[in-house]
Amino acid sequence: MVILMNKDDKNKRNNDEIVYEDDTKAKKTAKQADSDIVLDEENDSLEALVKKLKEKAKILEKEKQEYMNGWQRERADFVNFKKRMESEKVETVKYANENLIAELLTVIESFDMAFSNKEAWEKVDKNWRVGVEYIHVQFMKVLKENGLVELDPIGEKFDPMNHVADELKATSNEKEDGIILKVNKKGFSLNGRVIVAPKVVVGEFKK
């Protein structure tokens, strides 16, 4: 409440708490915050009271908006954090068996070596041979279900990020320049990521 006092009474209180009658406007004391709005329902006119209420409402609305903005930012940060954790979890599961599968690739090489010599392979007892071939099919199926893919880049443009140039082969066909013509050693990818780059023969155009 605003206190009106005569100048003769100025010794009764500290100057920073007094507002004199001849002041044109009521002054706030030094102890009051700039944002404070004092409502005096007895002395204020209806118009002044409404004005003060509107000012107070604006302050409360601003504070509410600040709280709302802060809450929304916090919520967005939490949602993003949760998504990032889910993504990292999926990636971890994807490549958790990478080392194990990489070691199993030597088994694939052993199968390939056995099958590459057709003459010797066909001399093996048929029942035993069929059994080994069936095991090979099962083995490859399990690896494929876990994301392993054999890379066959013949006809593709040589890419040093995904291929190893084992040999350059001269070609008179300009279209074969920089193109992979043969695969000397198989390559493999796991869930879209190359874990073993294939060793390839690359065409080199010469007139």
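Because the structure is predicted, anything quoted here is derived from the model rather than measured.

1. Some points on the pattern of salt bridges
Phase 1 of the analysis: Enumeration according to the criterion identifies 6 salt bridges in this entry.
Phase 2 of the analysis: Residues Arg193 and Glu98 are paired through a salt bridge, measuring 2.6 Å at the closest nitrogen-oxygen approach. Note that Arg193 is positioned in strand β7 (residues 193-196) and Glu98 in helix α2 (residues 98-116), a separation of 95 residues in sequence.
Phase 3 of the analysis: In this structure, Asp112 engages Lys186 in a salt bridge whose closest nitrogen and oxygen atoms are separated by 3.2 Å. Of this pair, Asp112 sits in helix α2 while Lys186 sits in the loop between β5 (180-185) and β6 (187-190); the two residues are 74 residues apart in sequence, bridging distant segments of the chain.
Phase 4 of the analysis: Overall, the relative accessible area of 23% leaves Asp112 in the partly exposed class.
Phase 5 of the analysis: Several salt bridges share partner residues, and in doing so they unite Asp112, Glu150 and Lys186 into one network.

2. Section: a nonpolar patch on the surface
Phase 1 of the analysis: A contiguous nonpolar patch, built from Phe78, Val79, Phe81 and Met85 and spanning about 370 Å² of accessible area, is present on the exposed surface.
Phase 2 of the analysis: With respect to the secondary-structure elements, Val79 resides in helix α1 (residues 46-95).
Phase 3 of the analysis: The class of Val79 is partly exposed, set by a relative accessible area of 31%.

3. Re α1
Phase 1 of the analysis: Taking 1.5 Å per residue, 50 residues should reach 74 Å; α1 reaches 73 Å between its end C-alpha atoms and fits that length.
Phase 2 of the analysis: Among the residues of α1, Leu49, Gly70 and Tyr95 are the ones counted as buried.
Phase 3 of the analysis: Against the buried residues of α1 lie α2, β6 and β7.

4. So, the sheet that holds β6
Phase 1 of the analysis: Read across the open sheet, the 3 strands follow the order β3-β6-β7; overall the sheet is antiparallel. Across the chains shown, the open sheet's two edge strands, defined by having one partner strand only, are β3 (148-151) and β7. Strand-to-strand twist in this sheet, taken as the mean axis angle between neighbours without regard to direction, amounts to 35°.
Phase 2 of the analysis: Relative to β7, β6 is paired through 3 bridges, and the arrangement is antiparallel. If you follow Leu190 over to β7, its bridge partner there is Arg193.

5. Looking at the pairing of strand β8 (residues 199-205)
Phase 1 of the analysis: Two elements, strand β4 (residues 164-171) and β8, share 7 bridges in a ladder whose sense is parallel. Counterpart to Leu168 in the pairing with β8 is Val202.
Phase 2 of the analysis: Here β5 runs beside β8; their pairing, made up of 4 bridges, is antiparallel. When the bridges of β8 are listed, Ile180 appears paired with Val202.

6. Some points on α2
Phase 1 of the analysis: Along its 19 residues, α2 runs 27 Å from first to last C-alpha, staying within 8% of the 27 Å computed at 1.5 Å per residue.
Phase 2 of the analysis: Those residues of α2 lying buried are Ile101, Leu105, Ile108 and Phe111.

7. Things to note about the side chain of Thr171
Phase 1 of the analysis: Structurally, Thr171 can be placed in strand β4.
Phase 2 of the analysis: When its relative accessible area of 9% is taken as the criterion, Thr171 is described as buried.
Phase 3 of the analysis: Among all residues touching Thr171, those that are not within four sequence positions of it are Glu176, Asp177, Gly203, Glu204, Phe205 and Lys206.

8. A short note on the side chain of His136
Phase 1 of the analysis: Inspection of the secondary structure assignment puts His136 in helix α4 (residues 126-145).
Phase 2 of the analysis: Judged by its relative accessible area of 17%, His136 is buried.
Phase 3 of the analysis: Setting aside chain neighbours within four positions, we find His136 in contact with Phe111 and Phe115.

About the cut-offs
Residues numbered from 1 in each chain as written. Predicted model: local features only at pLDDT ≥ 70, side-chain atom pairs only at ≥ 80, totals over all residues. Heavy atoms only, no water. Salt bridge = Lys/Arg side-chain N within 4 Å of Asp/Glu carboxyl O. Helix = DSSP H or I, 4+ residues; strand = E, 2+ residues; numbered from the N terminus. Buried < 20%, exposed > 50% of the residue type's maximum accessible area, 1.4 Å probe, protein only. Patch = residues over 30% accessible without salt bridge, like charges linked within 9 Å, V, L, I, M, F, W, Y side chains within 5 Å. Areas by Shrake-Rupley, 256 points an atom, 1.4 Å probe, with all protein chains shown as cover. Expected span 1.5 Å × (residues − 1). Contact = heavy atoms within 4.5 Å. Pairing = 2+ DSSP bridges. Axes fitted to C-alpha atoms, helices over the stretch in contact; angles between N-to-C directions.

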